[in-house]
Amino acid sequence: MLVYRLSMKKLSSNKSFGGVQGVYSHASSSTKTDMTFAVYEPPQVVDRPVPVLWFLSGLTCSHENAMVKAGMQAYAAELGMMVVLPDTSPRGEGVPDDPDRAYDFGLGAGFYVDARQSPFAENYQMYSYVVDELPALIANKFNADMTRQGICGHSMGGHGALTLGLKNPDQYQSISAFSPIVSAMNCPWGQKALAGYLGDDKSVWAAHDACALIEQGVAKTPLLIDQGTGDNYLETELKTHLLEQACAKADHPLNVRMQDGYDHSYFFISTFMGDHMVWHGEVLNA
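None of the values given here were measured: they were computed from a predicted structure. (Residues numbered from 1 in each chain as written. Predicted model: local features only at pLDDT ≥ 70, side-chain atom pairs only at ≥ 80, totals over all residues. Heavy atoms only, no water.)

K.L.:
Can you lay out the environment of A219 for me, pointing to particular residues and giving the numbers?
P.N.:
Turning to its location among the elements, A219 is positioned in the loop between helix 7 (210-215) and strand 8 (223-228). Sequence-distant contacts of A219, that is, excluding residues within four places in its chain, are made with L166, P169 and H252. (Helix = DSSP H or I, 4+ residues; strand = E, 2+ residues; numbered from the N terminus. Contact = heavy atoms within 4.5 Å.)

Listed below in structure tokens is the structure:
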């Protein structure tokens, strides 16, 4: 059992909508690297513990993309909600990367799994990092109500939000995603990542596939999905219809909103981020 280090270094701090947008680093026991993450603390933390929304980013991203582009701080301040933005992979000297330096595997592409394959198993323990280690640090260092947590993500981070949320219903009371990879077993991005990190046993892959988890009968936490019809990856990688089919078959509550003409970018995410924040707030502040 890992013993987590409950210490961190502040890298930056900016006042935003009455709260504080901070960026921090710490030595991770899970990844055996230094990890950087961002936390938005709404003004309400001065008076009481506040609920926590996790936002998981997509391929090539870090904590910074959503922090700067998603426009979530104003909504978080109004709703009294803390937002935590982890990185998408371990980083640093000696951390293995895709042999071909491709964008869809290795650095910036941890897929929120605990790798079992060499040489990635040493550092790529992103499931344990996001589900266990970073929450322990947040609980220790911030005025967070860890009994009220939601999770959201984009693309690969949408895959992470769905799978982590569905696998841990006692930890996450609300789950949403933008343009998520809904079935990592059935798209090129996911097949490459699951094989590279977990090996060739597809029964192991199924534990990290949202559609497979729903088919297995996980707890019926309602899901909110926004997907743009102009997304170049919709047909090849995201395959929203597979999630609709799985949820319909399992009677799992799902709200898919197909947004006409929107693409895969943060222009899309920022347009509907407020809707997601309010939706999570309704659950977490109930």
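K.L.:
Report on the sheet that holds strand 6 (residues 144-154), specifying residues and quantitative values.
P.N.:
Strands sit in the order 1-2-3-5-4-6-7-8-9 across an open sheet of 9 strands; the sheet is mixed. Only two strands of the sheet have a single partner each, and these edge strands are strand 1 (9-16) and strand 9 (254-259). In this sheet, neighbouring strand axes are inclined to one another by 20° on average, regardless of whether the strands run parallel or antiparallel. Pairing between strand 7 (residues 174-178) and strand 8: 4 bridges, direction parallel. When the sheet's bridge partners are listed, S176 is paired in strand 8 with L224. (Pairing = 2+ DSSP bridges. Axes fitted to C-alpha atoms, helices over the stretch in contact; angles between N-to-C directions.)

K.L.:
Before we move on, can you summarise the nonpolar core with the specific residues and values?
P.N.:
Ranked by internal contacts, the top residues of the largest apolar core, which has 67 residues, are F37, M82, I138, L164 and Y197. Here this core gets 8 residues from one element, more than from any other, and that element is helix 3 (residues 126-141). Sequence-distant contacts of Y197, that is, excluding residues within four places in its chain, are made with F105, G106, A109, G110, F111, V113, A115, R116, Q117, F120 and Y124. Among the nonpolar cores identified, the runner-up in size contains 22 residues, and V23, F55, Y266 and I269 belong to it. (Core = buried A, V, L, I, M, F, W, Y, C linked by side-chain atoms within 4.5 Å. Buried < 20%, exposed > 50% of the residue type's maximum accessible area, 1.4 Å probe, protein only.)

K.L.:
Provide a residue-level description of helix 5 (residues 188-198), including the pertinent values.
P.N.:
Turning to helix 5, its buried residues number three or more, namely W189, G190, A193, L194, Y197 and L198. Seen end-on, helix 5 carries its buried residues on one side only, within an arc spanning 110°. G199 lies just past helix 5 and shows a positive phi near 100°. (Arc of directions from axis to C-beta.)

K.L.:
So what about the layout of surface pockets? Which residues, and what values?
P.N.:
For the largest pocket, the calculated volume is near 260 Å³. Forming the boundary of the largest pocket are 16 residues, of which L59, T60, H154, Y233 and H264 lie nearest the centre. Residue composition of the lining of the largest pocket, by class: 6 nonpolar, 8 polar and 2 charged. (1 Å grid on protein atoms, 1.4 Å probe; cavity = no way out; pocket = protein on both sides within 12 Å on 5 of 7 lines; lining within 4 Å. Points joined across faces, edges and corners; volume = space filled by probe spheres on them. Nonpolar A, V, L, I, M, F, W, Y, C, P; charged D, E, K, R; others polar.)

K.L.:
Tell me about the pattern of salt bridges, and please be specific about residues and values.
P.N.:
In the structure shown here, the tally under the stated rule is 7 salt bridges. Note that D97 is salt-bridged to R101, the shortest N-O span being 3.2 Å. A relative accessible area of 18% means that D97 is categorised as buried. Between D98 and K192 there is a salt bridge, with the nearest N and O atoms lying 3.1 Å from each other. Of this pair, D98 sits in the loop between strand 5 (82-85) and helix 3 while K192 is found in helix 5, placing the two residues 94 residues apart along the sequence. (Salt bridge = Lys/Arg side-chain N within 4 Å of Asp/Glu carboxyl O.)

K.L.:
Pulling in residues and values, what's your account of the environment of K9?
P.N.:
Its place among the elements puts K9 in strand 1. For K9, a relative accessible area of 54% gives the class exposed. It is 6.2 Å that separates the C-alpha atoms of K9 and H26, two residues lying 17 residues apart in sequence. Excluding residues within four positions of it along the chain, K9 makes contact with V23, Y24 and S25.

K.L.:
Account for the packing of aromatic side chains, naming residues and giving values.
P.N.:
According to the stated counting rule, one finds 13 aromatic pairs in the structure shown. Ring centres of Y103 and W189 lie 6.4 Å apart, and the angle between their planes is 90°; on these two criteria the pair is classed as edge-to-face. Taken together, the residues span a long stretch of sequence, with Y103 in the loop between strand 5 and helix 3 and W189 in helix 5 at a distance of 86 residues. Owing to a relative accessible area of 42%, Y103 belongs among the partly exposed residues under this scheme. Residue classification places W189 among the buried positions, given a relative accessible area of 4%. One aromatic cluster is present, formed by F105, F120, Y124 and Y197 through successive ring pairs. (Phe/Tyr/Trp six-rings, centres within 6.5 Å; stacked < 30°, edge-to-face > 60°.)

K.L.:
Would you mind going over the state of the cysteines in detail, with residue names and values included?
P.N.:
Overall, the coordinates contain 0 disulfides when judged by the stated rule. Of all cysteine sulfurs, the one in C152 lies closest to C61, which takes part in no disulfide; the gap is 13 Å. Cysteine C247 remains unbridged, with the sulfur of C211 as its closest cysteine sulfur at 7.2 Å. For C247, a relative accessible area of 3% puts it in the buried group. (Disulfide = S-S within 2.5 Å.)

K.L.:
Describe the environment of S62, naming the residues involved and giving the relevant values.
P.N.:
Structurally, S62 can be placed in the loop between strand 4 (50-56) and helix 1 (63-69). Along the primary structure S62 and T271 are separated by 209 residues, whereas in three dimensions their C-alpha atoms are 20 Å apart. In this structure, S62 is in contact with S57, P86, D87 and R91, ignoring residues within four places of it in sequence. Within the structure, the side chain of S62 is placed 3.1 Å from the backbone nitrogen of E64, a separation counted as a polar contact. (Polar contact = N/O pair within 3.5 Å; in protein donor to acceptor, adjacent residues only side chain to side chain.)

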